[in-house]
Amino acid sequence: VVFCQVPNYQQFGLVTPWMKGVLAIPSISRQFRAWKLLDPNLKRIGIIASRNMNDVLREAQVAAKANDLELLHAEVALDREVPRALEKMTGKIQGVWLAPDSSILSTSVIREAMSYGTRNGIQMLVFSPALLNEGALLAATPNFSEVARTVLMRLQQAQGANGVPGEPAIALSSADISVNTKVAVKLGLTLSDKFKEFIDGE
């Protein structure tokens, strides 16, 4: 069995010798690179996530360092803790990466976080283009052709093997990036040719 599009797969005990996956989150390095190209002055970003996202957090820390970003992390256990964590980050960060952590992100909390970010001039990198209408600056989604290719590759590797070989979940190397031009203008950001070439280069 090969699973995909499950952000916090550890929470559900999905990894076994015979069942492994393909990560649901598009390349974090690519997400942060696009963000940095859009705002070269971006230095400190925050992430609010549950303990179930530890693997994602480690990848985010590597991606942040590679893009000359400092990552501030707040671990929460319940959705009602998210707004307070965001408030405590205010003044210390320029933006928040809203990772798709279903264990702490209810619909109401997402709306509250987006509203708070908009009111306080916090850049938001989100996981759904629908949230661009709520005031997010950037949205990153998986490239589903890559997801399909990677799932097929894992299944092929498992043929004749005793289970599914390799790491628990393979990370994606691409990300489809959308930008809210109105928010960018409001924040004084310019969509440079380099930025446009990067997000169109997938």
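Predicted, not measured: the structure shown is a model, and the values here were computed from it.

Caption draft 1: Focus on the sheet that holds strand β4 (residues 70-75). Read across the sheet, six strands follow the order β4-β3-β5-β6-β7-β9 without closing on themselves; strand pairing throughout is mixed. At either margin of the open sheet sits one strand with a lone partner, and together these are β4 and β9 (176-179). The mean angle between the axes of side-by-side strands here comes to 20°, regardless of whether they run parallel or antiparallel. Pairing of strand β3 (residues 44-49) with strand β5 (residues 95-97), which is carried by three bridges, proceeds in the parallel orientation. Bridge assignment links Gly 46 to a residue of β5, and that residue is Val 96. Across the sheet, helix α3 (residues 82-89) is in contact with β3, β4 and β5; its angle to β3 comes to roughly 165°.

Caption draft 2: Quick peek at the sheet that holds strand β2 (residues 20-22). Judged by pairing direction, the sheet is parallel, and its three strands sit side by side in the order β1-β2-β8 without closing on themselves. On the outer flanks of this sheet lie β1 (2-4) and β8 (169-170), each paired with one strand and no other. The sheet contact formed by β1 and β2 spans three bridges and is parallel. Looking at the pairing, Phe 3 lines up with Gly 21 of β2.

Caption draft 3: Representation of the nonpolar core. Within the largest apolar cluster, 32 residues are counted, with the highest numbers of intra-cluster contacts made by Ile 28, Phe 32, Trp 35, Trp 97, Leu 137 and Leu 138. When contributions to this core are tallied by element, the ones reaching two or more residues are α1 (28-38), β3, α2 (54-66), β7 (138-141), α6 (181-186) and α7 (193-200). Among the elements that take part in this core, α1 stands out by supplying six residues, more than any other. If we skip the residues at most four places from it in the chain, Trp 97 touches Ile 25, Ile 28, Gln 31, Phe 32, Trp 35, Gly 46, Ile 47, Val 56, Ala 60 and Leu 125. Counting 24 residues, the second-largest nonpolar core is a separate cluster that includes Leu 86, Met 89, Val 109 and Ala 136.

Caption draft 4: Structural detail: the pairing of β4. Here β3 runs beside β4; their pairing, made up of six bridges, is parallel. Within β4, the residue paired with Ile 45 across the bridge is Leu 71. The parallel pair β3 and β4, bridged by α2, forms a crossover whose chirality is right-handed.

Caption draft 5: Examining the pattern of salt bridges more closely. Considering all chains together, one arrives at five salt bridges under this definition. Salt-bridge contacts for Glu 70 lead to Arg 44; the nearest nitrogen and oxygen are separated by 3.1 Å. Linking Glu 70 in strand β4 with Arg 44 in strand β3, this pair joins segments that are 26 residues apart in sequence.

Caption draft 6: Looking closely at the packing of aromatic side chains. Tallied over the full model, the rule gives three aromatic pairs. Measuring from ring centre to ring centre gives 5.6 Å for Phe 3 and Tyr 9, while their planes differ by 40°; the resulting arrangement is tilted. Judged on exposure class, the residue Phe 3 and its partner Tyr 9 are both buried. Measuring from centroid to centroid gives 5.7 Å for Phe 32 and Trp 97, while their planes differ by 90°, and the two rings are edge-to-face. Remark: Trp 97 occurs in strand β5 and Phe 32 occurs in helix α1; sequence separation between them is 65 residues. Summarising the burial analysis for this pair, Phe 32 and Trp 97 share the class buried. Connected via pairs of aromatic rings, a cluster forms that spans Phe 32, Trp 35 and Trp 97. Across the ring face of Phe 198, the terminal group of Arg 30 is positioned such that the distance to the ring centre comes to 4.2 Å.

Each value, and the rule that gives it
- Residues numbered from 1 in each chain as written.
- Predicted model: local features only at pLDDT ≥ 70, side-chain atom pairs only at ≥ 80, totals over all residues.
- Heavy atoms only, no water.
- Pairing = 2+ DSSP bridges.
- Helix = DSSP H or I, 4+ residues; strand = E, 2+ residues; numbered from the N terminus.
- Axes fitted to C-alpha atoms, helices over the stretch in contact; angles between N-to-C directions.
- Contact = heavy atoms within 4.5 Å.
- Core = buried A, V, L, I, M, F, W, Y, C linked by side-chain atoms within 4.5 Å.
- Buried < 20%, exposed > 50% of the residue type's maximum accessible area, 1.4 Å probe, protein only.
- Right-handed = clockwise from strand over helix to strand, strands pointing away.
- Salt bridge = Lys/Arg side-chain N within 4 Å of Asp/Glu carboxyl O.
- Phe/Tyr/Trp six-rings, centres within 6.5 Å; stacked < 30°, edge-to-face > 60°.
- Lys NZ or Arg CZ within 6 Å of the ring centre and 35° of its normal.

Treat this as a map of the structure, not an account of what it does.
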